[in-house]
Amino acid sequence: MAPLDFSSLLPAVAARAVATRRDLHRYPELGLTEFRTASLVAERLTKLGLEVRLGREVMDSASRVGVPSEQVLDDAYARAASEGAPPEFLKPLAGGHTAVVATLKGAHPGPVVALRVDMDALPIIENDTQAHLPAREGFISAHPGIMHACAHDGHTAIGLGVAELLNEMKDRLHGTVKFIFQPGEEGGRGALPMVKAGVVDDVDYFVAIHLGTGVESRVFRPSVRGHLASVKLDVTFRGQAAHAGSHPEEGRNALVAASTAVLNLYGISRHHAGRSRVNVGTLRAGSGRNVIPDEAVMQMEVRGETEEIADYMRDRAMAVLRGAAAAQDVEVDIKVMGRTTTAGSDQALAERLAAALTGLDDVTVDAASHVTGGSEDATFFMRRVQERGGQAVYAVVGSDIPSGHHTPTFDIDEKDLPWAIEALAKGVFKLGAEG
């Protein structure tokens, strides 16, 4: 086989990737409202000549949880339309079906290889000081309170760049490449509906990626393990308002119930069999200092090293929530808003990817297992592929970051986009050729 050389293509592809990343950073969208992002992705892939499916074609609507309200969806859809989302590709995404899958068929027979990237942003107010590159360079978030603080803008740009490079090589390409652009990773809402729609049922090799995560620039780690299973809960306590001075006995205090629950949630006994976590991320209640609060709304999550441990934490959390409500004679409504599972990278596939990247200039490839402490719903894709006899890995593209993920000053080093695109294109190409 002739050497694979992307050197003449890479500069232009890399420049477009940086521009794309900055555009997406400027216009971030929360999970299941990625209308502008997904429609632009679909348009780009269609112009390349790939077979593109989107919306309900690649998401099982009934399997979705944590879907935003109709008003939120309508507002986000209208905003996307006003910010340049192409109408032809925007319409199929209506109702929060913001997934895109593109298929590139090579000229030669071979396996089906999938590359998965995510697209959603986070509800974070971005730092606007000149010390923060997006603010200094003029691509800080234009959507107050929403920010790409976990590199998904970079992931999307990488996915499009890999599609460009491999499309130029399709006459030499063996097998089929699926590019999966997933919505709603944050909160564990986007992957399972795509799995239920059969998106990866024909996949032989699956690769999911993430920038950063504590791995330094120009280092590629193709074997991540240790993702925690998690359950995301929205909790609403409903009591009775009353005058706090004249008739407090007529009230039923939702805030006291919620506060009691918070303290007792952190007192849940940990499980002997593995890691477990609980966190209450938000608690909002009350309307005035002299009013007994009649409603308290909480967003929380539990995690476990296994599904069994996560379920144990969920069950204990629900018992705490219901007990706190009963103690204050208030009602409590508990909704599951998202979930992730566990999956391990196939070491054999990780080593094949590492071998495929031998000789990549100034890039260190380390196939040893990299342990993470977070959660990822790409694990649903990985499990499905593995259950059907395929292999899957979760890979980290190293990037020096100025602060941790999910913080107002998070950023990536854009110099890591070009080598990441080249590495993944070479890896996917060689998996097909050697499949």
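Above this note sits the structure.
What you see is a predicted model, and the numbers here were worked out from it, not measured in a lab.

Draft legend 1. The arrangement of the nonpolar core in detail. L45, V100, I158, V162, L166, F179 and F181 are the most contacted members of the largest nonpolar core, which totals 71 residues. No other element matches helix α12 (residues 416-434), which puts 10 residues into this core. Sequence-distant contacts of L45, defined by excluding residues within four places in its chain, comprise L50, V52, V100, A102, L160, A163 and F181. Counting 28 residues, the second-largest nonpolar core is a separate cluster that includes L32, M194, V200 and F206.

Draft legend 2. Expanded view of the sheet that holds strand β12 (residues 364-365). Strands sit in the order β1-β2-β4-β3-β5-β14-β6-β12 across an open sheet of 8 strands; the sheet is mixed. Each end of this open sheet is capped by a strand with a single partner; those strands are β1 (51-54) and β12. Here 8 bridges tie strand β3 (residues 108-118) to strand β4 (residues 174-182), and the two strands are oriented parallel to one another. Residue V112 lies in a different strand from β4, and its bridge partner there is T176. Against the sheet, helix α6 (residues 152-168) engages β2 (100-105), β3, β4 and β5 (205-211), with an angle of about 160 degrees to β4.

Draft legend 3. Spatial organisation of the pattern of salt bridges. Counted under the stated rule, the structure contains 27 salt bridges. In this structure, the salt-bridge partner of D366 is R221, at a minimum N-O distance of 3.6 Å. Note that D366 is positioned in the loop between β12 and β13 (370-371) and R221 in strand β6 (residues 219-221), a separation of 145 residues in sequence. In this structure R221 comes out as buried when scored by relative accessible area, which is 14%. R352 is the salt-bridge partner of E434, the closest N and O atoms lying 4.0 Å from each other. With a gap of 82 residues between them, E434 in helix α12 and R352 in helix α10 (residues 347-356) connect regions that are remote in the sequence.

Draft legend 4. Just α6, in detail. Here α6 spans 25 Å end to end across 17 residues, near enough to the 24 Å set by a 1.5 Å rise per residue. Among the 17 residues in α6, 16 count as buried, and that is most of the element.

Draft legend 5. View of unusual backbone geometry. With a phi close to 75 degrees, A151 is a non-glycine residue in the positive phi region. The backbone of R218 shows a phi angle near 65 degrees, a positive value even though the residue is not glycine. Inspection of the secondary structure puts R218 in the loop between β5 and β6. According to the relative accessible area criterion, R218 is partly exposed, its value standing at 30%.

Draft legend 6. Region of the structure containing the pairing of β4. Of all 9 residues that make up β4, 8 are buried, and the element is covered over most of its length. Two elements, β2 and β4, share 6 bridges in a ladder whose sense is antiparallel. In the sheet register, L104 faces β4, and the bridge partner there is V177.

Draft legend 7. Just the sheet that holds strand β10 (residues 295-304), in detail. Read across the open sheet, the 4 strands follow the order β9-β10-β8-β11; overall the sheet is antiparallel. For this open sheet the edge positions go to β9 (276-285) and β11 (331-340), each flanked by a neighbour on one side alone. Taking the axes of each pair of neighbouring strands and ignoring which way they run, one obtains an average angle of 15 degrees across the sheet. Bridge count between strand β8 (residues 229-238) and β10: 10 bridges; the pairing is antiparallel. The partner of A229 across the bridge, within β10, is G304. The sheet strands contacting helix α8 (residues 254-265) are β8, β9 and β10, and the helix crosses β10 at an angle near 15 degrees.

Cut-off values and rules
Residues numbered from 1 in each chain as written. Predicted model: local features only at pLDDT ≥ 70, side-chain atom pairs only at ≥ 80, totals over all residues. Heavy atoms only, no water. Core = buried A, V, L, I, M, F, W, Y, C linked by side-chain atoms within 4.5 Å. Buried < 20%, exposed > 50% of the residue type's maximum accessible area, 1.4 Å probe, protein only. Helix = DSSP H or I, 4+ residues; strand = E, 2+ residues; numbered from the N terminus. Contact = heavy atoms within 4.5 Å. Pairing = 2+ DSSP bridges. Axes fitted to C-alpha atoms, helices over the stretch in contact; angles between N-to-C directions. Salt bridge = Lys/Arg side-chain N within 4 Å of Asp/Glu carboxyl O. Expected span 1.5 Å × (residues − 1).

Limitation: the analysis is restricted to geometry and does not speak to function.
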